[in-house]
Amino acid sequence: MEVRSAGPDVRVLTPRAAKVRVVLATLLVRVNEVVSVDSLIDELWGEQPPRTAMTTLQVYISQLRKMLRDADPEQGGELLQTRSPGYLFRLDPGQLDLTVFEDLHARGREALAAGDHTGAADLQRRALALWRGPLLSDTPHGSLLDSMAVRLTEVRTAALEQRVRAELHLGRHQELLGELRALTAELPMHEEFHAHLMVALYRTGRQADALGTFATLRRTLVDDLAIEPGRQIQQLHSRILTGDPALLRPSATSGARTAAPAKGPGLPDFPVTELPQPDPLFTGREAELAELAARLEGAPAGGCVMVSGPAGAGKTALAAAAAHRAATAFPDGRVLVRLRTGAGGRPAGAEALAAVLRAFGTTGTLPTAEDELGALLHRLTEGRRILLVLDDVASAAQLRPLLAAVPGCVVLATCRGLPRGMAALGVQALPLGPLGPAAGRSLLADDEASGELTELCGGLPLALRAVAAQLASHPRWTTATLADRLRAPDTRLSELRAADEECYGVLRAAYAEGAEADRAAFRLLGTVPAGPFGADTAAAALGSAAARAEDSLESLVEAGLLVALPEGGYRLPELLRLLAVERLAEEEPATVAHEATARLCEALAAELEAAHRARHLDGLHPLEWFERRGPELADALVRAHRAGLWPQTVRLADGMSPFLEALAAWEVWERCHTAALDAARRLGDDAAEARMLRSLGDLAWQRRRLAEAGDHYRQALRAVETAGPAASAETAPERVRALAGLVDLRLDEGALAGAAQLLDPMLDEVPQDIRGRWELSRVQGLLAVEAQVPGAAETHFRQCLTLASALGDRRLESYARRWLNRLGGGEHRADWSEVRPGVWRARATTG
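Residues numbered from 1 in each chain as written. Predicted model: local features only at pLDDT ≥ 70, side-chain atom pairs only at ≥ 80, totals over all residues. Heavy atoms only, no water.

**A look at the overall build of the protein**
Selection criterion: Helix and strand assignments come from DSSP, with helices taken as H or I runs of at least 4 residues and strands as E runs of at least 2, each series counted from the N terminus. Buried means the residue's accessible area, taken with a 1.4 Å probe over protein chains only, is under 20% of the maximum for its type, while exposed means over 50%, and partly exposed covers the values in between. Contacts were defined at the residue level, with two residues in contact if any of their heavy atoms lie within 4.5 Å. Surface accessibility follows the Shrake-Rupley procedure with a 1.4 Å probe radius. Residue values consider only the protein chains on display as shielding. Note that His is not counted, nor are the chain ends; the positive residues are Lys and Arg, and the negative ones are Asp and Glu. Every charge is mapped to an atom, namely NZ of Lys, CZ of Arg, CG of Asp or CD of Glu.
The secondary structure content of the protein amounts to 36 helices and 13 strands. Burial status across the protein gives 50% buried among its 847 residues. For the protein, restricting intrachain contacts to residue pairs at least 6 apart in sequence, the fraction spanning at least 24 positions comes to 65%. Total accessible area on the protein stands at roughly 37,900 Å², and carbon and sulfur atoms take up 52% of it. Taken as two groups, the 95 positive and 111 negative side-chain charges of the protein have centres that lie 2 Å from each other.

As C-alpha cells, this is what we get:
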C-alpha cells in the first residue's frame, strides 16, 4: 500500500498501523461504495471481534480522516464519509491505481475483440506496468481482501494473456519466446500460455519444441488431474503436427491501420467447436436443461430459442450445458459468441457480424460493410447443421441481421429481459425463474439452512456459488452460520460481495446499463416490499399515473431489472430489490425515499380499507387475499414506522386488524401493532392508542396470556378517558370492546358476578357503532349461557346475527348461527364453548 499526498511536493503518508491499513484497504477495494460496519469488523477481526470492536473501528476511521486531511488539505476532509450502514470512500477513479488498472484492462479487452491488436497490446502493457506485486502484500487480509487478491491475480493473468495474444497477432513471436517459457514454467497448467508458446516456437522454425511443449502440458494434466488438454489446444497440436502453413503467419495485420495490403479472410475448417468447458458446479436446472436440449435437437434450420432471466440467473451456464448435451444434433459445430464488451456495450450490425465470424475462427481482414459481412457468414454456414449460441442479446434489432445471415443454423440466444419484437422473429422463449430450496441443498448441504440460504440469495445461481465459495474458504462455518450472516437485509449485499466480487458486479452492471429513466424508476421500486406487486402499487411508489407506471415497469422488464409474472403483476428479484434499496439511499436525497414510502403506504392502506367491504378480491376471498398480501403489507408498515411515518403506520395497522384477528397471525399481529402503538403515542393520538392497546389485548387473550391481556384492556380504557368527550365518536367503540375483553377474562375465571358487573357500564352507554353493539350482545349471550338462561342467550345471539348481517361480515354471522343452532338443540359438544369467532374454550360438565 502506498498513499501519496496531493500537490507538487509529493509525500508518502501510508499508515504504519496494520489495522488502519486494513480499514483503508477494505474501503479502497470498494471505492465509491458503502462498506458496512459489519464488513469492516469482519475484515479486522474475523469471527472473534473484541467487545470494543465498534469503538476501536471509530478510532481507526478518525486516524484515517486525519491522514487524508494531511494528504490533501483542500479535499481530504470530504473523502471518507459516514453513510448508513457504514462508510463511503469517495475518490476520483484516476487517483487509484486499482481502478486505472481495471479500466485499461477492460479497454484492452475491447480493442482485442475489435481486432485492434496494436491498441490492445499497448493498453494491456500499460495496465500491467501498474502491477507492483500481489495485492496489499504488506497488509493483513480478511475474507474480502483475500477474495479481491485472488480475483486481481486472475485479472492480471488475463491481461498478460491478452497482451501476448495481441503481440502474436502483430508478428512478435521471436521477442515473446523467453517470456512465454517463463510463464509456462510459472503456470504449468495454463493452456493458453502453452498454446501461445507452441505458436511462437512453430513460427521460429522449432516444430519439435512446439510439439514437446504440448507433450509436457499433457503429461502434467494427466499426472496431476487425470484429464486431457482442451479441444482447442489439441486442434492446434494437430495443425503443428501436420505442418499447417497458415500458422506461419499472423492471422491479422496491425490494428494501427497501416498501409499494408489487405488480405482476404481465412475461412475455418469444420466442424467448429467454440464452447466453454462444462461447468462442474452446474446444478438446479435439470428440468430446464432437458427441455432446452430437446428444443434444440428438434429445432428446424433457422429456429431460435431465447433463454431469459435476471442478472445472475445462470443463463449462459444453462445455454452452454444445453449446447454440450445436444452435440450430436449439430455435427458441423457449436459456437458461443458473447455479445457484451468489457465496458458493458453490445456490438450491433457489422460489428456483431464480425464478432460471429471471428468466433467461428475466420482469420485475416474482414469486410467492413454489413451486407458483405452478412453474405460471408451466410456462405460460411450454408448447408451446415450448426448451433450458434448468442450470449446476452440486447434487442430484436441486434438479433435480426444475425438471424438473417445464418438461415441454416439453429440459434440459442440469452438475454436479461425478453426484448420487444422477439415474437415477430419467431423466437421461442424459455424464461428462467429462481432456483428452489432443493438446488441449494444439492449445491451446499442437505439441511434446512441451505434452503434458507437459497431464499436469501433470491434463488440466483451466481449468488449461491458465492455462498459455496465462502463456505469453502471458512471450514469452521456451517450453512447455519452463513444464513445468520445473510439474514439481515441491510448487510446481505455487502456479505455476498465479500464472498465474490463478481456476484455484486453483475448486479451493478445490469443496473448501470439501464437508461436513466429506468434507473430512476428502479431506485424508487426499492420502497416496494418484497414479493409480487401490481401496477397500482408501483404507480404509488413512482408517483405517476397507472398507465405511465405500466410503461416504466415494462421498460424495466425489457432491461432485465424486473420480472413480469405469468399470473399477472411483477416482482423484483430479491438481490435486485436490495440493490434498488442501496442505490436509492446512495443516489437520491432522503426526502425522495421518504415521500415514495408515504405514497406507497397510503395506497396500500386504501387497498386494505376497500378489502374490508369486498366479497372477493382478485377472485379470492378477502382472507385468502390477505394471506397472500400479508407479508408485503406487514413489511410496508415496518418501513413506515422506521421512516417516521406515524399516521401511515397507524392507518395500515387499523386496516390489518380484522384480518390478523381472523387468521390468528400472532407474530405479525404483535410486530405490527406494537409499532403502531409507538406511532400513535408519538402522534399524541389517544384514540389510536386505545385501538392499538385493545387489539394487543385481544392478541394476548388469544395466546392465553391473560394477565397481559388484562393490562392492555385497562390501558386502552385509560387512553379512552384521556381522549375525553371530544373524541367519543372514535373512542366509544374501543371502550366497549376493551370492557368486553375484560368480561371474557372474568368468564375465563368462572367469575360470573364480576362479568355481570362489567356489563353495567357497557349498558349505561350503548355504543352507536355496529361492531361495538355486536361485542356487547356477544358477551351478554355468553354470560346468559354460563348462567344457564338459554332463552336470554338466544335473544342476544339473534341480535348478534342481525348486527353481523348489517356489517356484511360472514365470519361474525356464522358465529351467531352456530350459537343459535346449539341453543336450538342442534349438534354440539357440551364440553366446549365458542367464546369468540373460531376460538373455543373447554367447559366443565356434570353428569
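Read on, since the account is not over.
**Quick look at the pairing of strand S7 (residues 387-391)**
What counts here: For two strands to pair, DSSP has to find at least two bridges joining them.
Most of S7 is tucked away: five of the five residues are buried. Burial of the side chains of S7 extends over both faces: Leu387, Val389 and Asp391 are buried on one face and Leu388 and Leu390 on the other. Two elements, strand S6 (residues 333-338) and S7, share five bridges in a ladder whose sense is parallel. Looking at S7, one finds that Val335 is bridged to Leu388. Here four bridges tie S7 to strand S8 (residues 410-415), and the two strands are oriented parallel to one another. Bridge pairing links Leu390 to Ala413 in S8.

**Some remarks on the pattern of salt bridges**
Formally: The salt bridge definition used is simple: a Lys or Arg side-chain nitrogen within 4 Å of an Asp or Glu carboxyl oxygen.
Under the criterion given, the structure shown has 63 salt bridges. With a shortest N-O distance of 3.0 Å, Asp209 and Arg206 are connected by a salt bridge. With its nearest N and O atoms 4.0 Å apart, the salt bridge here joins Glu775 to Arg737. On the criterion of sequence distance, the pair formed by Glu775 in helix H34 (residues 770-786) and Arg737 in helix H32 (residues 728-749) is long-range, its members being 38 residues apart. Residues joined in a network through salt bridges with shared partners are Glu661, Arg694, Asp698, Glu734, Arg737, Asp744, Arg771, Glu775, Arg778 and Arg836.

**Topic: the side chain of Ser36**
Within the fold, Ser36 resides in strand S1 (residues 34-36). For Ser36, the contacting residues outside a window of four places in its chain are Pro85, Gly86, Thr491 and Ser494.

**Remarks on the state of the cysteines**
Covalent bonding between the sulfur atoms of two cysteines defines a disulfide. Note the following rule: Working definition: a disulfide is two cysteine sulfur atoms within 2.5 Å of each other.
Under the defined criterion, the tally for this structure stands at zero disulfides. Of all cysteine sulfurs, the one in Cys415 lies closest to Cys304, which takes part in no disulfide; the gap is 9.5 Å. Taking the relative accessible area as the measure of exposure, Cys304 reaches 2% and is therefore buried. A relative accessible area of 0% places Cys415 in the buried class.

**What about the side chain of Gln780?**
Mapped onto the elements, Gln780 comes out in helix H34. With sequence-adjacent residues up to four places away left out, Gln780 is seen in contact with Leu759, Leu763 and His796.

**Comments concerning the nonpolar core**
Nonpolar side chains tend to gather and get buried jointly when the protein is soluble and globular. The test is simple: For this analysis, a nonpolar core means a set of buried residues of the types Ala, Val, Leu, Ile, Met, Phe, Trp, Tyr and Cys, connected via side-chain atoms within 4.5 Å.
In this structure, Val467, Phe522, Leu525, Met656 and Met762 are the most contacted members of the largest nonpolar core, which totals 127 residues. The residues contacting Met656, other than those within four sequence positions of it, are Leu608, Phe626, Leu633, Ala634, Leu637, Val668 and Cys672. Core analysis: the second largest hydrophobic core is formed by 49 residues, Leu28, Val31, Ile61 and Leu80 among them.

**Quick notes on helix H22 (residues 516-524)**
Among the residues of H22, Asp518, Arg519, Ala521, Phe522, Arg523 and Leu524 are the ones counted as buried. Against helix H21 (501-512), helix H23 (535-542), helix H24 (546-558), helix H25 (574-587) and helix H26 (590-613) lie the buried residues of H22.

**Focus: the sheet that holds strand S3 (residues 86-89)**
Each strand in a sheet pairs with another by means of backbone hydrogen bonds, the pair being arranged parallel or else antiparallel. What counts, and what does not: To obtain an axis, a line is fitted to C-alpha atoms, over the contacting stretch when the element is a helix, and the angle between two such axes runs from 0 to 180 degrees between their N-to-C directions.
Pairing is antiparallel in the open sheet, where three strands are placed in the order S1-S3-S2. Both edges of this open sheet fall to S1 and strand S2 (80-83), since each of them pairs with a single strand only. The mean angle between the axes of side-by-side strands here comes to 30°, regardless of whether they run parallel or antiparallel. With four bridges joining them, S2 and S3 adopt antiparallel strand pairing. In the strand pairing of S3, Gln81 is matched with Leu88. Across the sheet, helix H1 (residues 18-29) lies against S1, S2 and S3, angled at about 65° from S3, the strand it touches most. Packed on one face of the sheet, helix H2 (residues 37-45) meets S1 and S3 and runs near 65° to S1.

**Digging into the packing of aromatic side chains**
Under the convention used in this document: Geometry of aromatic contacts follows a simple scheme: Phe, Tyr and Trp rings, the Trp one being its six-membered ring, pair when their centres are within 6.5 Å, and the pair is stacked under 30 degrees between planes, edge-to-face over 60, tilted otherwise. By definition, being over a ring means that NZ of Lys or CZ of Arg is both within 6 Å of the ring centre and within 35 degrees of the ring normal.
Counting across every chain of the model gives nine aromatic pairs. With 6.2 Å between their ring centres and 55° between their planes, Trp625 and Phe659 make a pair best called tilted. Here Trp625 is found in helix H27 (residues 622-642), whereas its partner Phe659 is found in helix H28 (residues 646-663), with 34 residues between them in sequence. Here the two residues Trp625 and Phe659 agree in accessibility, since each one is buried. An angle of 5° between the planes, with centres 5.0 Å apart, marks the rings of Phe797 and Trp819 as stacked. Residue Phe797 is found in helix H35 (residues 790-807), and its partner Trp819 is found in helix H36 (residues 810-823); the two are separated by 22 residues along the sequence. Neither Phe797 nor Trp819 differs from the other in exposure class; each is buried. Note that Arg836 overlies the ring of Trp701, its terminal NZ or CZ placed 4.0 Å from the centroid.

**Re the environment of Ala463**
Relative to the helices and strands, Ala463 is located in helix H18 (residues 461-473). On the basis of relative accessible area, Ala463 is assigned to the buried category, the value being 0%. Excluding residues within four positions of it along the chain, Ala463 makes contact with Cys457, Leu496, Cys503 and Leu575.

**Points about a nonpolar patch on the surface**
For the record, the criterion: Each patch is assembled from residues with relative accessible area greater than 30% and no salt bridge, linking like charges that lie within 9 Å and nonpolar side chains (Val, Leu, Ile, Met, Phe, Trp, Tyr) that lie within 5 Å.
A cluster of nonpolar side chains, namely Met189, Leu225 and Ile227, defines an oily patch on the protein surface of about 250 Å² accessible area. For Ile227, a relative accessible area of 41% puts it in the partly exposed group.

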